[in-house]
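Residues per chain are reported as follows:
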Number of protein chains: 2
Amino acid sequence: MIKKIAILGSTGSIGTQTLEIVRYNKDIEVTALAAGGNVQKLEEQIREFKPKLACLWSEEKARELKTAVADLDVKVVWGMEGLTEAAASTEADTVVTAVVGMIGIRPTIAAMEAGKDIALANKETLVTAGHIIMPLAEKKGVKILPVDSEHSAIFQSLQGSAGNRIRKILLTASGGPFRGWTREQMADVRPEDALKHPNWAMGRKITIDSSTMVNKGLEVMEAHWLFDVDMDQVQVVIQPSSVIHSMVEYEDGAVLAQLGTPDMKLPIQYALYYPRRRFLPGPRLDFTTLTQIAFETPDMENFPGLKLAYEAGRRGGSLPTVFNAANERAVALFLNRKIDYLSIVSLIRGAMEGHRVIENPSVEQILEAEKETYDYIDGRQFSTPPRA
Amino acid sequence: MIKKIAILGSTGSIGTQTLEIVRYNKDIEVTALAAGGNVQKLEEQIREFKPKLACLWSEEKARELKTAVADLDVKVVWGMEGLTEAAASTEADTVVTAVVGMIGIRPTIAAMEAGKDIALANKETLVTAGHIIMPLAEKKGVKILPVDSEHSAIFQSLQGSAGNRIRKILLTASGGPFRGWTREQMADVRPEDALKHPNWAMGRKITIDSSTMVNKGLEVMEAHWLFDVDMDQVQVVIQPSSVIHSMVEYEDGAVLAQLGTPDMKLPIQYALYYPRRRFLPGPRLDFTTLTQIAFETPDMENFPGLKLAYEAGRRGGSLPTVFNAANERAVALFLNRKIDYLSIVSLIRGAMEGHRVIENPSVEQILEAEKETYDYIDGRQFSTPPRA
């Protein structure tokens, strides 16, 4: 049987790795590709993978693409409407949601409404709208297949759970490039420092988020929704070499774990062919050369972003949206050298403190809270001059 | 629903730990208890757990027990006939086979013929008669639930396998008390040295087997039968602290593992209530204090017992029986200070070299090969004076 997929965010890190998997599997077909603004790369992908539908965010870029691929049988669309069409209206049975940010919420919902399984790499959707997404998945009978390596590890570890209750999720973290640093040491971190992740090759935004451990905080919230556990049942364990990708502890004390080399293609492929596994080229864990797996406890003092994530997740409502939106905006400002490194988390804290939480927010209320948070950050940046 | 179990080997390490589990679970009942020769302990167990049937190996001890429990409603039996009755003729739905040695083969087969699931701690049964046991389990539709911590870990890790092919089993080993020693250093090892296992509290024979790594060799053969993999798909990994209890690698490179504290009650309870897990008192793995998990490769030069096990398992037929029987006899001689430590493995090698392999042996042929091996060792011991 031919597997059909649509990829939202096809020119990013997860998107291109998904297409690598498509490249060496003969029984998979791409129905739609959606990207942000990289016309040239999307054109190359269209020529290679021949989707029926392609989407770019801006109308201008979309028109540019349309001219470039005029010789091919592909419909070019744009904007949120186009993204939603790419998610929901092709013959795909699985939609890979690899866009960054809350932009993923509406297309994800549209795909689910259309009965498609979701290979979820867009964690913001669950962080901000988990209370809408998870019941909808149940109602529609569609699967939410995690693509994040940690959540895939948990998902894999839970395959034999047979309904047994989870006592604890042990979410591993590399600790990022500044593990062991104090806040004083981090004061002068530049974008190029924070973009060096010790183990994983990822997009720019998530690499910064890993360095602040905000990404781990978002993952705790994601795990809370995906696996139906309380925030405080998710314990972050620092495992610097990223050999253990995460673990689950059961009531009897047994801990199930998934280990592997740091290769995102594994969780992507697992999500695409779930529950089947198939050969994946690449290095394997080698226990004749691996001498140890080390563990540390997370340092919430020097990485307060993680602590704030627990606070946001415990409180719930619209607060995780504020946490996420503030971080998104602050990271962009940091990458553009408008604010210093430590201000990323200060801005998140400020935004959270100033927010009046809305319980059980609708998609509209989530997007309003996002906008409100953006406005708050945008209004503040000029009063917070960068240090360096 | 009340779970009913029979325990063969109830006064040993696995047997008493099984009864500990029975003690704090209200929905489990013991139908039969069989022990070797410990009349007093078995009497205590009968008074506490009230089985309908009790068995001791010798008629004399059985008569002694019969007198002691004359006030109770319990039938006392003895010998192989009695052990088979205990295994097969009570209302037990699961039989815990925790006897040591090939004595377990016939009762295990009888239990399976009677449609009972097997909680298997008697690895000799699979090592010597795996080619009979595994097809019989399939034919009778009964489960073989591993109780060895490593095999339970593999079994747990395979629960979500969904039919996916195993590439490799990573069987962990503590390495025993002489890990890192040379053969020269081991020459003067006394029974009391070899009986000190670093992590696990176990019976005497298996503790010696752990020190020589013969136990790990038997476990490789057991894994080969239980999980239908070639001997060479089973890789022994030294993990000195016994935190990782074993692992499975799939075709895509994903490694699934079960971790935990070294407590045999976990695999026993998992086998009894499979696939349900329930709370088990005791310490948990604590990733706030655990700093590392170390790995080493097994030293086949200084632990040739492991190498011989691979040879026996690869060759198959009656050779694993010879490996096991020679070891059983040699360990008894060592514990009785009749031979030195290194002679255990030399005797195994000698017995294997002198044996003409029978393909696909019947139970009778297995027991004949055992006897032949015992005779070989008994004939040799006087010509090999102990060193110390």
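Residues numbered from 1 in each chain as written. Chains lettered and ligands numbered in written order. Predicted model: local features only at pLDDT ≥ 70, side-chain atom pairs only at ≥ 80, totals over all residues. Heavy atoms only, no water.

Novice: Can you tell me about the relation of the copies chain B and chain A, naming the residues and giving the values?
Specialist: The operation relating chain B to chain A is a screw motion whose rotation component is 180 degrees, with 0.0 Å of axial translation and a residual RMSD of 0.0 Å. Accordingly, the operation relating the two chain copies is best matched by a two-fold axis. Minimal C-alpha distance to the rotation axis in chain B is attained by B:G160, lying at 2.0 Å. Comparing contact sets, 100% of the residues at the interface of chain B also lie at the interface in chain A, consistent with an isologous, same-surface contact. (Least-squares fit on C-alpha atoms with pLDDT ≥ 70 in both. Contact = heavy atoms within 4.5 Å.)

Novice: Which residues make up the domain arrangement of chain A, and what values do they have?
Specialist: All names here are of chain A. If you check the domain split of chain A, you get domain 1 (3-146) and domain 2 (152-315). Computed over C-alpha atoms only, the centres of domain 1 and domain 2 are separated by 25 Å. Together domain 1 and domain 2 conceal approximately 2400 Å² of surface at their shared face, both sides included; 70% is due to carbon and sulfur atoms. Inspection of the domain 1/domain 2 interface yields 4 salt bridges. Here K123 makes a salt bridge to E219, at a shortest N to O gap of 3.9 Å. At the junction of domain 1 and domain 2, the tally comes to 6 residue pairs in polar contact (both at pLDDT 80 or more). When contributions to the side of domain 1 that touches domain 2 are tallied by element, the ones reaching two or more residues are β1 (3-8), α1 (13-23), β6 (117-120), α6 (123-140) and β7 (144-146). If one sorts the elements of the side of domain 1 that touches domain 2 by residue count, α6 sits on top with 7 residues. Split into classes, the residues belonging to the side of domain 1 that touches domain 2 amount to 15 nonpolar, 6 polar and 6 charged. (Domains from an automatic or database assignment. Buried area = accessible area lost by both parts, 1.4 Å probe. Salt bridge = Lys/Arg side-chain N within 4 Å of Asp/Glu carboxyl O. Polar contact = N/O pair within 3.5 Å; in protein donor to acceptor, adjacent residues only side chain to side chain. Helix = DSSP H or I, 4+ residues; strand = E, 2+ residues; numbered from the N terminus. Nonpolar A, V, L, I, M, F, W, Y, C, P; charged D, E, K, R; others polar.)

Novice: I'd like a rundown of the sheet that holds β7(A), residues and numbers included.
Specialist: By definition, the strands of a sheet pair up through backbone hydrogen bonds, in either a parallel or an antiparallel sense. Residues and elements named next belong to chain A. Pairing within the open sheet is parallel, and its 7 strands lie in the order β4-β3-β2-β1-β5-β6-β7. In this open sheet, the two strands that pair with only one neighbour each are β4 (75-78) and β7. Between one strand axis and the next, the sheet turns by 25 degrees as a mean value, whatever way the strands run. Note: β1 against strand β5 (residues 94-97), 4 bridges, orientation parallel. Looking at the pairing, I5 lines up with T94 of β5. In the packing of helix α2 (residues 39-49) onto the sheet, contacts are made with β2 (28-34) and β3 (53-56), and the angle to β3 comes to roughly 170 degrees. Where helix α5 (residues 105-113) meets the sheet, its contacts fall on β1, β5, β6 and β7, and the angle it forms with β6 comes to roughly 150 degrees. (Pairing = 2+ DSSP bridges. Axes fitted to C-alpha atoms, helices over the stretch in contact; angles between N-to-C directions.)

Novice: Explain helix α2 (residues 39-49) of chain B residue by residue, including any values.
Specialist: Residues and elements named next belong to chain B. Here α2 has its buried residues at V39, L42, Q45, I46 and F49. For α2, the arc enclosing every buried residue in end-on projection is 125 degrees, short of the 170-degree limit, so these residues lie on one face. In this structure, the buried side of α2 is in contact with α1 (13-23), β2 (28-35), β3 (53-56) and α3 (59-68). Directly after α2, the chain includes K50, whose backbone phi takes a positive value near 50 degrees. (Buried < 20%, exposed > 50% of the residue type's maximum accessible area, 1.4 Å probe, protein only. Arc of directions from axis to C-beta.)

Novice: Now, about the pattern of salt bridges: what can you tell me, with residues and values included?
Specialist: Residue and element names in this part refer to chain A. On inspection of all chains with the given rule, the structure shows 62 salt bridges over all chains. For K75, the salt bridge is made with E85, and the minimal N-O distance between the two is 2.5 Å. Of this pair, K75 sits in strand β4 while E85 sits in helix α4 (residues 79-88), and the two are 10 residues apart along the sequence. Relative accessible area serves as the criterion here: at 22%, E85 is assigned to the partly exposed category.

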